[in-house]
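So you can see what is in the structure, the chains are spelled out below.
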2 protein chains.
Amino acid sequence: MKKLINSPENVVREELEGLQLAHADRLRVSFDPFYVVRRDAPVKGKVGLLSGGGSGHEPLHGGFVGPGMLDAACPGHVFTSPTPDQMFEAGKAIHSGTGVLQIVKNYTGDVMNFDLAAEMLREEGIAVESVLTDDDVAVEDSLYTAGRRGVGLTVLMEKLLGAAAQKGMPLDQLKALGDKIRASGRSMGMALTPCTVPHLGKPSFELAENEMEVGIGIHGEPGRKRMPLTSADQITEMLMEPVISDLPFRKGDQVILFVNGMGGTPLIELYIVYRKAAEIAARHGLTISRNLVGSYITSLEMAGASITMLRADDALLDLWDAPVNTPALRWGA
Amino acid sequence: MKKLINSPENVVREELEGLQLAHADRLRVSFDPFYVVRRDAPVKGKVGLLSGGGSGHEPLHGGFVGPGMLDAACPGHVFTSPTPDQMFEAGKAIHSGTGVLQIVKNYTGDVMNFDLAAEMLREEGIAVESVLTDDDVAVEDSLYTAGRRGVGLTVLMEKLLGAAAQKGMPLDQLKALGDKIRASGRSMGMALTPCTVPHLGKPSFELAENEMEVGIGIHGEPGRKRMPLTSADQITEMLMEPVISDLPFRKGDQVILFVNGMGGTPLIELYIVYRKAAEIAARHGLTISRNLVGSYITSLEMAGASITMLRADDALLDLWDAPVNTPALRWGA
């Protein structure tokens, strides 16, 4: 196992210490229990946006805490759900009187623990709503999930709801907007290599030198098929077609196109994928109104890529363009 | 070789096509010869900033073209210097009457070709100056270099000079400022794994499962020593100590600290390195006034990290904070 770490047990704690040291102007970190929170939380008059999930997907979610995006993020151990007490404490820290919206990726442990935390927060008199992401078209049910997995759409969801919350949108409308985004976005990913969870010390699965896994999840869960490695253009077709046909995206749709790296794939390759994805979108009569290219929801050092598309009307595009100031996503501020 | 590419010969062209498609709001790409240029070039009354180098280090340099940073970037083939005709055409495209400043990493081919291009541009009546980066303290002379290699400081140089040029600083002052930045910054890097140049098809060197290379260059050139893999904290000491003692950085200095990933290293590990680097800086009485954490000057999918420190007075910090709007570095715009 070749990693820049000190010991497997301390990976999450030490990463959070680094995050806090690097971005103390924007966020602070609680270490008991673990959560990352806007430095100025709770922000008066604003619904608090809370997310979280297993570590190993950085910058998701801690790197998205800041004005215009999340108020707090709860990191679990690597590829392990955070616990309800983390979400409970983080929820209290960001509640300014107007409630808390949870953004939850559809994994069994995450859903259960966010539900428990919501109950605990409600017992404190805090209004709580939740929106789910389950955008991965690759498989129904999987190793950690009933239903579809929440993947790349989560990044877009956090940006868009973050902008809406920052503008003062109330809790019930944020919940409705989140449900609309959930219904309008789809994703699919693939891997060239596995990744190694630090405390396991060996790759989570094996891929031969000429093999790839199409439809993989962000924890290395099996996908649709293992097959011989082919060209970037063919791989991009294999990701785009299921995404387009599932929603379905239709001629004339405006979309946000997100080409994501899995952690170990260099940017030069992501732009080669973007090139083909844009060509396929054009062939289907889709207009790419905004895009995002980079490694934003990762699987440690896994090599591979995923594609997310979100149908977006002008109101969503305005939210996309609104200022954001987080460690990993920043513009207009 | 596991890469998201179509054919080794087309990697650079297709990456540039993707870059142009994704960022047409900010830049355009010339394909004959290859260069990336601000969409609104030449910008009246502003010195044109030109850089370039071999591909494979993305987002450097094409991802740094835009308001507040570079006016143009010339990509060579992977790990191969661009040619003088690229720089000549790019230089003409960005010259608005106030001259062109070249930012050149110290590699023999880059220096020679930028020098030739400068001569060609001067024959056209365009004033040209050049600043060099040679910040890598690891080795004197190496596979591709006489003297020290230009590495991470190049990213900071492009940001700072880009801000100064945007504010209207004339050519001679930009040159002097660039020389001051060159004299005030130092870097060192290490690798856990090699990388594979597409048209070669096999790793550029071999590292055993328990080995790392300390002092490596951004093309996989040999470093100071190959040694058994150790902890992130010890590795960070091995990078920080030579950087600090070489300049030397002294108690009371304000610095910009840049922890860079080599392309295949996930962000979670970079923050673990940042944590220790910040502790070491504090031990030496240095104040980290600004920082940058991410993969900005890479070696394809190489796993590893480098550390750059730049001594910065308030004027440099103001330039750092100035708005920038490029594909890879963006704030305040």
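Residues numbered from 1 in each chain as written. Chains lettered and ligands numbered in written order. Predicted model: local features only at pLDDT ≥ 70, side-chain atom pairs only at ≥ 80, totals over all residues. Heavy atoms only, no water.

Counting its secondary structure elements, chain A contains eight helices and 14 strands. For 333 residues, the compact-globule estimate of 2.2 N^0.38 gives 20 Å, and the C-alpha radius of gyration of chain A, at 19 Å, lies within 12% of that figure. In terms of overall dimensions, chain A has C-alpha extents of about 55 × 50 × 35 Å along its principal axes. Here chain A, with 333 residues, has 64% of them falling under the buried criterion. For chain A, the exposed surface amounts to about 10900 Å²; the carbon and sulfur share of it is 50%. Charged side chains in chain A number 32 positive and 42 negative. The centres of these two groups are separated by 5 Å. (Helix = DSSP H or I, 4+ residues; strand = E, 2+ residues; numbered from the N terminus. Rg over C-alpha atoms; globule rule 2.2 N^0.38 Å. Buried < 20%, exposed > 50% of the residue type's maximum accessible area, 1.4 Å probe, protein only. Areas by Shrake-Rupley, 256 points an atom, 1.4 Å probe, with all protein chains shown as cover. Lys, Arg positive; Asp, Glu negative; His and termini not counted. Charge placed at Lys NZ, Arg CZ, Asp CG, Glu CD.)

Bringing the interface of chain B and chain A into the picture now. Taken residue by residue, the interface counts 54 residues in chain B and 55 residues in chain A. A buried area of about 4500 Å², summed over both sides, lies between chain B and chain A, and 63% of it is on carbon and sulfur atoms. At the boundary of chain B and chain A, one finds four salt bridges. Put simply, E17(B) and R275(A) hold a salt bridge, and the shortest N to O gap is 2.5 Å. Viewed at the interface, chain A and chain B are joined by 26 residue pairs in polar contact (both at pLDDT 80 or more). Looking at the side of chain B that touches chain A, the elements that each hand over two or more residues are α1 (11-22), α6 (232-246), α7 (267-283), β11 (287-294), β12 (304-311) and β14 (330-331) of chain B. Take the side of chain B that touches chain A: its biggest share by element is nine residues, from α7(B). (Contact = heavy atoms within 4.5 Å. Buried area = accessible area lost by both parts, 1.4 Å probe. Salt bridge = Lys/Arg side-chain N within 4 Å of Asp/Glu carboxyl O. Polar contact = N/O pair within 3.5 Å; in protein donor to acceptor, adjacent residues only side chain to side chain.)

Turning to helix α4 (residues 153-166) of chain B, a few remarks are in order. In an α-helix, one turn spans 3.6 residues, which is why side chains three or four residues apart end up on the same side. All names here are of chain B. An ideal rise of 1.5 Å per residue puts 20 Å on 14 residues; α4 measures up with 20 Å between its terminal C-alpha atoms. With 13 of 14 residues buried, α4 lies mostly within the body of the structure. At the exit of α4 stands G168, carrying a positive phi of roughly 100°. (Expected span 1.5 Å × (residues − 1).)

Residues and elements named next belong to chain A. Under the defined criterion, the tally for this structure stands at 43 salt bridges over all chains. Salt-bridge contacts for K180 lead to D313; the nearest nitrogen and oxygen are separated by 2.7 Å. With K180 in helix α5 (residues 171-184) and D313 in the loop between β12 (304-311) and α8 (314-321), this residue pair connects regions lying 133 residues apart in the sequence. The partner of R275 in a salt bridge is D233, with the nearest N and O atoms 3.3 Å apart. Placement of R275 in helix α7 (residues 267-283) and of D233 in helix α6 (residues 232-246) is noted, with a sequence separation of 42 residues between them. Exposure class is identical for R275 and D233. Each is buried.

Time to look at the layout of surface pockets. A probe matching the size of a water molecule, rolled over the atoms, marks out where space remains unfilled. If you add up the space inside the second largest pocket, you get close to 1200 Å³. T193(A), E301(A), T193(B), P194(B) and E301(B) are, among the 42 residues lining the second largest pocket, the residues nearest its centre. (1 Å grid on protein atoms, 1.4 Å probe; cavity = no way out; pocket = protein on both sides within 12 Å on 5 of 7 lines; lining within 4 Å. Points joined across faces, edges and corners; volume = space filled by probe spheres on them.)

To continue, consider empty space enclosed by the protein. According to the stated counting rule, one finds four cavities of 30 Å³ or more in the structure shown. By volume, the largest cavity is sized at about 140 Å³. For the lining of the largest cavity, the secondary structure elements donating two or more residues are α7 of chain A together with α1, β3 (48-55) and β4 (72-78) of chain B. If you tally residues by element for the lining of the largest cavity, the top one is β3(B), at four residues. Looking at side-chain class alone, the lining of the largest cavity contains ten nonpolar, seven polar and two charged residues. Of the volumes computed, that of the second largest cavity is approximately 70 Å³. Lining the second largest cavity are 14 residues; nearest its centre among them are V151(A), G189(A), I218(A), M262(A) and S306(A). Taken together, the elements giving at least two residues each to the lining of the second largest cavity come down to β7 (185-191) and β12 of chain A. (Nonpolar A, V, L, I, M, F, W, Y, C, P; charged D, E, K, R; others polar.)

Each copy superposes on the other: chain B lies on chain A with an RMSD of 0.0 Å after a rotation of 180° and an axial shift of 0.0 Å. Each copy turns onto its partner about a two-fold axis. Closest approach to the rotation axis within chain B is made by the C-alpha atom of G264(B), at a distance of 2.0 Å. (Least-squares fit on C-alpha atoms with pLDDT ≥ 70 in both.)

For the coordinates displayed, the defined rule picks out eight aromatic pairs over all chains. With a centroid separation of 6.2 Å and an interplanar angle of 85°, the aromatic rings of F31(B) and F34(B) are classed as edge-to-face. Site record: aromatic cluster; members linked through ring pairs are F64(A), F258(A) and Y296(A). (Phe/Tyr/Trp six-rings, centres within 6.5 Å; stacked < 30°, edge-to-face > 60°.)

Turning our attention to the sheet that holds strand β6 (residues 128-133) of chain B. Across a sheet, strands are paired by hydrogen bonds formed along the backbone, either parallel or antiparallel in direction. All names here are of chain B. Spatially, β1-β2-β4-β3-β5-β6 is the arrangement adopted by the six strands of the open sheet, whose pairing is mixed. Two strands lie at the open edges of the sheet, namely β1 (27-31) and β6, each paired on one side alone. The sheet shows a mean angle of 20° between the axes of neighbouring strands, direction not considered. For strand β5 (residues 100-105) and β6, the ladder comprises six bridges, and the chain directions are parallel. Residue Q102 lies in a different strand from β6, and its bridge partner there is S130. (Pairing = 2+ DSSP bridges. Axes fitted to C-alpha atoms, helices over the stretch in contact; angles between N-to-C directions.)

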